[in-house]
Amino acid sequence: MNANELRSKYIEFFKSKNHVEISGQSLIPENDPSVLFTMAGMHPLVPYLLGEKHPSGTRLTDYQKCIRTGDIEEVGDPSHLTCFEMLGNWSLGDYFKKESIAYSYEFLTSPQWLALDPKKISVTVFAGDENAPRDEEAAQIWKDNGMPEDKIAYLPASDNWWAAGPTGPCGPDTEIFYWVGEGLPPVGSNKGTDSSNWMEIWNNVFMQYNRIDEKTLLPLEKKNVDTGMGLERTNCILQGKTSVYLTEVFQPIIKTIEGLSGYTYGTDEEKDKSVRIIADHTRSSVFILGDQRGVTPDRVGAGYVLRRLIRRAVRHGMKLGIEKDFMAEIAATVIENFKGPYPELEANREKVYKELTAEEAKFRLTLKKGEAEFQKLLPNLMKNPKKIISGKVAYNLYETYGYPLELTQELGAENGFTVDVEGFKEAERKHQEASKTVDAGAAKGGLAEQSEVTTKYHTATHLLQQALVNVLGDQVAQKGSNINNERMRFDFTFERPMTKEEIQKVEDIVNEKIKEDLPVTMEVMPLDKAKAEGARALFTNKYGEDVKVYTIGRDAKSDWFSKEVCGGPHVQHTAQIGDFKIQKEQSSSAGVRRIRAVISGGLPLDK
Ligand code: SER
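Here the structure is a predicted model, which is why all the values come from computation and not from measurement.

### Let's talk about the overall build of the protein chain
When you go through the protein chain residue by residue, the secondary structure sums to 20 helices and 18 strands. In summary, the protein chain has a C-alpha radius of gyration of 25 Å against a globular reference of 25 Å for 607 residues, a match within 12%. With respect to the principal axes defined by its C-alpha atoms, the protein chain has extents near 75 × 65 × 45 Å. Across the 607 residues that make up the protein chain, the buried fraction comes to 56%. Put simply, 71% of the contacts in the protein chain that link residues at least 6 apart link residues at least 24 apart. About 25700 Å² of surface is accessible on the protein chain, with carbon and sulfur atoms providing 51% of the total. Computed over 77 positive and 90 negative side-chain charges, the separation of the two mean positions in the protein chain equals 4 Å.

Quick look at the structure:
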């Protein structure tokens, strides 16, 4: 079995259990200011887990690309990845614990599916706390399916409670582990008694609560199931390999790196680490740049994370002695290997190459200047017996030479220094730069907190896009959109700055449509029909898949202003948006313009 087969089998299995396959979504959550990337398979499904009706029904399955960069410093060991695929199946108020567990166990152990040895499987269930009781129900279902008592561990919320963020849908989970130790597991061994030889392969979350705030946990009206199986890791285990980097998911990428560097993987621990960092970070960068809602390297937000990934990869490429620009070459291997399940990578091939190469060149220049400066500072630093690089020095390298903190840390560590990170942050604050590295909106609030204001901004985005097309022409295509409670940002393809008159005209059209108080309506239909009706659609959904189409206009068939395939939510009628004002129009990257706009006033949404 390989990863492609595992992906197909998973989907096929759940289809055989009456699930509908839905498309995975963009890595960039469109209307969720609380996170920069889609970090879990369930993330795009949050509105549905909270009760909204899904166009494809109540039993769903998919594979979803995810980015998690929280532990970026750990990447380099044999198991951590910043980009991974999550296989998932969902029940939206349909089946619950009984079927969920039975399906998982059948898929893992049936000879027709993965045929794993049941003796090598153990599970954990929630031990209970002040929020929810011990999950005896899940434990009993496992026993009914043949799981021996001693293979069931009861663990606390830190292990067996899943929440995507500080607020939002959550609940107890049961996790499934596979034995990766020698031979068969000893009698009585489970995740509770031996945490290193049991590897997690699947997490079944019983989403039955909605966390409103720190103190308030409300039961959901409908109970849901959210499961996630990490594709790369499970594939690795199925093949009996010790590292994801030794599987076919990464081997072609590693071969390309070997070709570029002349280094053979597996011969030097330190260099292996660099190879893994390059492989992981390039793959992540290709997925981010090649995303349907792609982001480009930037000083803020998701673009900043992308910049860090690229720059870290380049630095490790240098460590391996690769002197020329190399990321585009590795990107070609990544695209070749993943364009089947992710056709958007092929569609964005040229953009991926172009952006990688440009950022690489920029960074090489930065590095040269920054490292030279560091070497100049070194004799003086050596005089410090504590071997601490002050925040001021580190910040100066960043501010003056663009030399990133994490690289000063790495360079420092190579010379036996630590960096005063607090001091760096203090210097940064003083320089009033704090908001430049972290998207201010990203820190606040919980996952997919759809406030009234963001809903209004969302509808305003649809009006803005249509107004732009009317004024500037058909070459306008959405390149990105980002909303928080204070403003909206909209990126679109256009070759030159807009004139004052054009900006005014677009603003006037949007305000006119708001004043007309047009109804906003939603209809579910197959994607091809939506397109035939003239709906705008991002390159996200599968042909024939049922989608939601939002129309703004007096009549959804004959008299409308805007029509888009979109997950929602939206206002009920446009007067709820209020006054619309464009504050800024500027360049975002080559051929892409960015508009920043605000709304104010507006009627309250209907309840
Ligand atoms: N949300 C859970 C996870 O990400 C299961 O899908 O692990």
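Continuing now.
### Comments concerning the packing of helix H18 (residues 452-472) against helix H19 (residues 500-515)
Where H18 contacts H19, the two axes come as close as 9 Å, and the packing angle between them is 135 degrees. Relative to H19, H18 is oriented oblique. Seen along the crossing, H18 lies across H19 with a hand that is right-handed. Across the interface between the two elements, Leu463, Leu464, Ala467, Leu468, Asn470, Val471 and Leu472 from H18 touch Glu502, Lys505, Val506, Ile509, Val510, Lys513 and Ile514 from H19. Tallied by class, the residues present in the contact of H18 with H19 amount to ten nonpolar, one polar and three charged.

### Quick look at the packing of aromatic side chains
According to the stated counting rule, one finds 25 aromatic pairs in the structure shown. Centre to centre, the rings of Phe13 and Phe107 are 5.2 Å apart; their planes meet at 45 degrees, and the pair counts as tilted. Of the two residues, Phe13 is situated in helix H1 (residues 3-16) and Phe107 in helix H3 (residues 97-109); the sequence distance between them amounts to 94 residues. Exposure class is identical for Phe13 and Phe107. Each is buried. Three or more aromatic residues link up through ring pairs in this structure, and these residues are Tyr10, Phe13, Phe14, Tyr95, Tyr103, Phe107, Trp113 and Trp202.

### Some details on the sheet that holds strand S14 (residues 520-526)
With antiparallel pairing, three strands are arranged side by side in an open sheet as S14-S15-S16. Taken across any chain shown, the strands that pair with only one partner, and hence form the sheet edges, are S14 and strand S16 (559-565). With direction set aside, neighbouring strand axes in the sheet form an average angle of 25 degrees. When strand S15 (residues 546-555) meets S16, the two strands line up antiparallel, connected through six bridges. Directly across from Thr551, in S16, lies its bridge partner Lys563. Strand contacts of H18: S14, S15 and S16, with the helix running at about 115 degrees to S16, the strand carrying the most contacts.

### Considerations on the UniProt feature "binding site: Zn(2+)" (unreviewed entry) in the protein chain
The UniProt record marks His458, His462, Cys566 and His570 with the feature "binding site: Zn(2+)" (unreviewed entry), using the residue numbering of this structure. Across 113 residues of sequence, these annotated residues stay compact in space, with a maximum C-alpha separation of 10.2 Å. Looking at the element boundaries, His458 is found in helix H18. Classification of His458 by relative accessible area gives buried; the value is 1%. For His570, the position within the fold is in the loop between S16 and strand S17 (579-589). Residues contacting His570, with those up to four places away along its chain left out, are Thr455, His458, Thr459, His462, Val520 and Tyr550. Side chain to side chain, His570 and Thr459 meet in a polar contact 2.9 Å long.

### Re helix H8 (residues 269-289)
Note on helix geometry: an α-helix contains 3.6 residues per turn, so any two residues three or four positions apart are oriented the same way. With 21 residues, H8 should reach 30 Å at 1.5 Å per residue; the first-to-last C-alpha distance of 30 Å fits that figure. Of all the 21 residues making up H8, 17 are buried; the element is thus mostly covered by neighbouring parts of the structure. With a side-chain oxygen positioned 3.0 Å from the backbone nitrogen of Glu270, the residue opening H8 is Asp268.

### Remarks on the site of the ligand
Near the ligand you find Ala40, Met42, Arg68, Met86, Trp162, Asn203, Val205, Asp226, Thr227 and Gly228, and these make up its full shell. One of the side-chain N or O atoms of Trp162 is found 3.4 Å from an oxygen atom in the ligand. In the model, an oxygen atom of the ligand is placed 3.1 Å from a nitrogen or oxygen of the Gly228 main chain. The protein chains hide 95% of the 230 Å² of surface that the ligand would expose on its own. Of all the secondary structure elements, the ones that give two or more residues to the shell around the ligand are strand S8 (198-211) and strand S9 (217-230).

### A word on unusual backbone geometry
The step from Gly568 to Pro569 runs through a cis peptide bond, and the omega angle for that step is 0 degrees. Relative to the helices and strands, Pro569 resides in the loop between S16 and S17. In this model, Asn18 sits at a positive phi of 65 degrees, which is unusual for a non-glycine residue. Tracing the sequence through the fold places Asn18 in the loop between H1 and strand S1 (20-21). Positive phi, normally seen in glycine, also occurs at Ala115, with a value near 55 degrees.

### Looking at the nonpolar core
Counting 106 residues, the largest nonpolar core has Phe107, Leu108, Trp142, Trp202 and Tyr245 as the members making the most contacts within it. What Trp202 contacts, discounting residues up to four positions off in sequence, is Tyr10, Phe14, Asn89, Ser104, Phe107, Leu108, Thr174, Glu175, Ile176, Thr227, Gly228 and Met229. Listed in part, the 34 residues of the second largest apolar core include Ile483, Val506, Ile509 and Ala597.

### Concerning the pairing of strand S5 (residues 152-155)
Relative to S5, strand S4 (residues 121-126) is paired through four bridges, and the arrangement is parallel. Of the residues in S5, the one forming a bridge with Phe126 is Leu155. This β-α-β element, S4 to helix H4 (residues 136-144) to S5, shows right-handed connectivity.

### A closer look at the sheet that holds strand S18 (residues 592-600)
Strand order in the open sheet made by the four strands is S12-S13-S18-S17, with antiparallel pairing throughout. Edge strands, defined here as strands with exactly one partner in the open sheet, are strand S12 (478-483) and S17. For this sheet the average axis-to-axis angle between neighbouring strands, irrespective of direction, equals 20 degrees. The pairing of S12 with strand S13 (residues 488-493) spans five bridges and is classified as antiparallel. Following the sheet pairing, Ser481 is matched in S13 by Phe490. Here H18 sits on the sheet in contact with S12, S13, S17 and S18, set at roughly 30 degrees to S13.

Conventions used here
Numbers given to residues run from 1 along each chain, matching the order in which its sequence is written. Only residues with pLDDT of 70 or above have their local features reported here, since the model is predicted, and side-chain atom pairs are shown and tallied only from 80 upward, although totals for entire chains, interfaces and linings are computed over all residues. As a convention, hydrogens and water are excluded, and side-chain values are obtained from all of the structure's heavy atoms. Working definition: helices are DSSP H or I runs of at least four residues, strands are E runs of at least two. Numbering for both runs from the N terminus. Each radius of gyration is computed over the set of C-alpha atoms, and the globule rule expresses the reference value as 2.2 Å times the number of residues to the power 0.38. Exposure is judged per residue with a 1.4 Å probe applied to protein chains only, and the accessible area is read against the type maximum: over 50% gives exposed, under 20% gives buried, and values in between give partly exposed. Whether two residues are in contact is decided by their heavy atoms: any pair within 4.5 Å suffices. Computed with a 1.4 Å probe, the accessible areas rest on the Shrake-Rupley method; for each residue, only the protein chains presented here act as cover. In this charge count, Lys and Arg are treated as positive and Asp and Glu as negative; neither His nor the chain ends contribute. In this description, the location of a charge corresponds to atom NZ of lysine, CZ of arginine, CG of aspartate or CD of glutamate. To obtain each axis, a line is fitted to C-alpha atoms, and for helices this fit is confined to the stretch in contact; angles are then taken between N-to-C directions over 0 to 180 degrees. Angles below 35 degrees are treated as roughly parallel, those above 145 as roughly antiparallel, those between 65 and 115 as roughly perpendicular, and all remaining angles as oblique. Each crossing is labelled by how the near helix is turned from the far one, with a counterclockwise turn of less than a right angle marking it left-handed and a clockwise turn marking it right-handed. Note on residue categories: nonpolar means Ala, Val, Leu, Ile, Met, Phe, Trp, Tyr, Cys or Pro, charged means Asp, Glu, Lys or Arg, and polar means any other residue, Gly included. Aromatic pairing here means that ring centres of Phe, Tyr or Trp (its six-membered ring) are within 6.5 Å. Orientation follows from the plane angle: under 30 degrees is stacked, over 60 is edge-to-face, and everything else is tilted. Two strands form a pair only when DSSP identifies at least two bridges running between them. UniProt positions are given in the numbering used here, feature names are shortened, and annotations may be inferred rather than shown by experiment. Within 3.5 Å is the distance limit for a polar contact, defined as a pair of N or O atoms, with the added protein rule that one can donate a hydrogen and the other accept it, and that residues adjacent in sequence qualify only through two side-chain atoms. Helix span, as expected, comes to 1.5 Å for every residue beyond the first. A cutoff of 4 Å decides nearness: a residue is near a molecule or strand if any of its heavy atoms lies inside that distance of it. To form a nonpolar core, buried Ala, Val, Leu, Ile, Met, Phe, Trp, Tyr and Cys residues must be joined to one another through side-chain atoms within 4.5 Å. When the strands point away from the viewer, a crossover counts as right-handed if the route from the first strand across the helix to the second turns clockwise.

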